[in-house]
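# Tertiary structure, described
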There are 2 protein chains.
Amino acid sequence: MDVKTLCLAVLSQGEATGYEIKKAFEEGPFAHFQRASFGSIYPALSKLLAEGLAEAEAREQDGRPDKKVYRLTAAGRAAFHRAIGQEPEPDQLRSDVLFLLYFARELPKERVEALIDGYIASYRAQADRIEGCRAERAAAGAEIDPGKWLVSGFGVAVYRAAADYLASNRDALLRGLERPLEAAE
Amino acid sequence: MDVKTLCLAVLSQGEATGYEIKKAFEEGPFAHFQRASFGSIYPALSKLLAEGLAEAEAREQDGRPDKKVYRLTAAGRAAFHRAIGQEPEPDQLRSDVLFLLYFARELPKERVEALIDGYIASYRAQADRIEGCRAERAAAGAEIDPGKWLVSGFGVAVYRAAADYLASNRDALLRGLERPLEAAE
DNA sequence: TAATGCATGTAATCGGTTACATGATTCA
DNA sequence: TGAATCATGTAACCGATTACATGCATTA
């Protein structure tokens, strides 16, 4: 999924500025499975305009820089539907921490401890953040879109499972590092 | 983690050819959290040679093309330890399927069904694959490296959690798509 | 006979990140 | 006073993927 498609997707949910699109990938609903930087969003938005897939409206603000609000055109909506009709590429997890932990025996024990504890905390924080958003929506009695609900629930389930696995294997790892290699039971 | 560091890491486990390094990212121990293509591995290996971090030995084979077996030098080993001393970047999941599922309401029901079923199957397959490797090691009475054991266990735990979550929310999603938007309970 | 696995490498291209440039407001 | 938030954009650079080039052996 390139950034152009990602922008199309965010805009399909309603008008937005480049800045707001960035936020959608930082704290918004896409935060846990896609990302994009300013350096790719703004050029993508320009292309969308050039191709007639979006239109923009400048809005003045007092005491703030003007914002440029983008909105999909009919052609943009069609392009978005074509895009989500494509076959998805397989999931990809990139984890430097897992990579380091793989080499735990080459690392000082304190480092491994800090690494795994920080890792658990960050996964817990992610799960809490998403769960907070879900609770908010539910409490507001807002309409529940089944797709969005499933995806955010997925984030919570997976992050929790990751944190729980690490928490319950943390001590065994640390103990294992104190001894020479052992055979499996 | 760039490909050069990844190659350093694979070679720290023993000598290997470019082809074997590729396999380590496809089916090997790194498969579920890092990847690299031939187009990046071979140039990385050349750089390693040029910088004196690795040395290569050509080995003839009957009926097969010659292989070039790479091995770390002392400098290479030091470079690897410097690399794993660096602070890791945060994990990154990129999932097109989740992205599509987020827009389930814009998709035909059959497509959503195929998407989620395929997704569950691929996660189950991943978990089974890793579990197979673990069982093999354990059965062989092989030495257990605590870091490696933790990392492969992580893969199993997370993939299983993902598949289980999707399996138990699949029907609710499909049912939800048949009705107009609902309020949260 | 076609596809897959083994085996190494190059080149074009491309998408995206990082850093830079600008600037007002608000909060600590 | 310094940092963070809001806000848009450009340009250099870079890493990596894709496709290409080659070729033999085995398996279906």
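Residues take numbers from 1 onward in each chain, read along the sequence in its written order. Starting at A for chains and at 1 for ligands, labels are handed out in the order in which the entities are written. Selection of residues for local features in this predicted model requires a pLDDT of at least 70, selection of side-chain atom pairs for listing and counting requires 80 or more, and totals for whole chains, interfaces and linings are taken over all residues. Excluded from the side-chain calculation are hydrogens and water; included are all heavy atoms of the structure.

Moving on, we get to the packing of helix H1 (residues 3-12) of chain A against helix H2 (residues 18-26) of chain A. All names here are of chain A. Every axis corresponds to a line fitted to the C-alpha atoms, with the helix fit spanning only the stretch in contact, and the corresponding angles, defined between N-to-C directions, vary from 0 to 180 degrees. Here a helix means four or more residues in a row that DSSP labels H or I, a strand means two or more in a row labelled E, and each is numbered from the N terminus. Axis separation between H1 and H2 bottoms out at 10 Å; the angle between their running directions is 100 degrees. In terms of orientation, H1 lies roughly perpendicular with respect to H2. Side by side, H1 and H2 meet where Leu6, Cys7, Val10 and Leu11 of the first sit next to Ile21, Ala24 and Phe25 of the second. Ten residue types, Ala, Val, Leu, Ile, Met, Phe, Trp, Tyr, Cys and Pro, are classed as nonpolar, four, Asp, Glu, Lys and Arg, as charged, and the remainder, Gly among them, as polar. Classifying every residue of the contact of H1 with H2 by side-chain character gives seven nonpolar, no polar and no charged. By definition in this entry, angles of less than 35 degrees are roughly parallel, angles greater than 145 are roughly antiparallel, angles of 65 to 115 are roughly perpendicular, and the rest are oblique. Only heavy atoms enter the contact rule, under which two residues are in contact if any of them lie within 4.5 Å.

What follows deals with the relation of the copies chain A and chain B. Only residues with pLDDT of at least 70 in both copies contribute their C-alpha atoms to the least-squares superposition of the copies. Superposing chain A onto chain B takes a rotation of 180 degrees plus a shift of 0.0 Å along the axis, which leaves an RMSD of 0.0 Å. Here the two chains are linked by the operation of a two-fold rotation axis. No C-alpha of chain A lies nearer the rotation axis than that of Leu93(A), which sits 2.3 Å from it. Looking at chain A, 100% of its interface residues are interface residues in chain B too, so the copies touch through the same face.

Any carboxyl oxygen of Asp or Glu that lies within 4 Å of a side-chain nitrogen of Lys or Arg is treated as forming a salt bridge with it. A full pass over the atoms with the stated rule returns 34 salt bridges over all chains. Of the charged contacts in the structure, one is a salt bridge between Glu55(B) and Arg71(B), with a shortest N-O distance of 3.2 Å. With Glu55(B) in strand E1 (residues 54-59) and Arg71(B) in strand E2 (residues 67-72), the pair connects residues that are 16 residues apart, well separated along the chain. Judged by relative accessible area, which is 29%, Arg71(B) ranks as partly exposed. Where salt bridges share partners, they join Glu15(A), Glu55(A), Glu57(A), Arg59(A) and Arg71(A) into one cluster. Classification of residues uses two cut-offs on accessible area relative to the type maximum, computed with a 1.4 Å probe and protein chains only: under 20% is buried, over 50% is exposed, and between them is partly exposed.

A few words on the domain arrangement of chain A. Residues and elements named next belong to chain A. The domains assigned to chain A are domain 1 (3-83) and domain 2 (96-178). A domain assignment, automatic or from a database, supplies the domain bounds used here. One C-alpha centre belongs to domain 1, the other to domain 2; they are set 30 Å apart. Contacts between the two partners involve six residues from domain 1 and, on the opposite side, seven residues from domain 2. Put simply, buried area is how much 1.4 Å-probe accessible surface two parts lose in total, over both of them, once they are put together. Carbon and sulfur atoms supply 53% of the area buried between domain 1 and domain 2, which totals about 440 Å² over both sides. For the domain 1 face of the interface with domain 2, the top three residues by lost area are Gln13, Glu27 and His32, together amounting to 80%. Counting across the domain 1 and domain 2 interface gives zero salt bridges. Here a polar contact is recorded for every N or O atom pair within 3.5 Å, except that within protein the pair must consist of a potential hydrogen donor and a potential acceptor, and residues adjacent in sequence are included only if both atoms are side-chain atoms. Applying the counting criterion to the domain 1 and domain 2 interface returns two residue pairs in polar contact (both at pLDDT 80 or more). Class assignment of the residues belonging to the side of domain 1 that touches domain 2 gives a composition of two nonpolar, three polar and one charged.

Consider each residue's heavy atoms; a residue with any of them within 4 Å of a molecule or strand counts as near. Taken together, 20 residues lie near DNA strand D, and Tyr42(A), Gln61(A), Lys68(A), Ser37(B) and Gly63(B) sit nearest. Among all atoms of DNA strand D positioned within 4 Å of the protein, those belonging to sugar or phosphate total 69%. Note that a phosphate oxygen of DNA strand D is positioned 3.0 Å from one of the side-chain N or O atoms of Tyr42(A). Within the contact set of DNA strand D, a phosphate oxygen lies 2.8 Å away from a side-chain nitrogen or oxygen of Gln61(A). Listed by contribution, the elements that provide at least two residues to the surface near DNA strand D are H2, helix H3 (38-50) and strand E2 (67-72) of chain A together with helix H3 (38-50) of chain B.

The environment of DNA strand C is formed by 19 residues, the closest being Ser37(A), Gly63(A), Tyr42(B), Gln61(B) and Lys68(B). Here Tyr19(B) contributes a backbone N or O atom positioned 3.0 Å from a phosphate oxygen of DNA strand C. Here a phosphate oxygen of DNA strand C and a side-chain polar atom of Tyr42(B) are 3.0 Å apart. Mapped onto the surface near DNA strand C, the elements with two or more residues apiece are H3 of chain A together with helix H2 (18-26), H3 and E2 of chain B. Looking at the surface near DNA strand C, the element that brings in the most residues is E2(B), giving three residues. For the surface near DNA strand C, the class distribution of residues is six nonpolar, eight polar and five charged.

Assignment of secondary structure puts His32(A) in the loop between H2 and H3. When its relative accessible area of 5% is taken as the criterion, His32(A) is described as buried. Dropping the residues within four chain positions of it, His32(A) is found in contact with Ile130(A), Val151(A), Ser152(A), Gly155(A), Tyr159(A) and Leu93(B).

Residues and elements named next belong to chain B. Looking at the secondary structure, you find Arg134 in helix H6 (residues 109-139). For the purpose of charge, His is not counted, nor are the chain termini; Lys and Arg are scored as positive and Asp and Glu as negative. One buried charge, Arg134, has no salt-bridge partner; the nearest side chain with opposite charge is Glu131, at 5.9 Å. At 2.7 Å, the side chain of Arg134 and the backbone oxygen of Trp149 are in polar contact. Other than its neighbours up to four places away in sequence, Arg134 contacts Trp149, Ser152, Gly153 and Val156.

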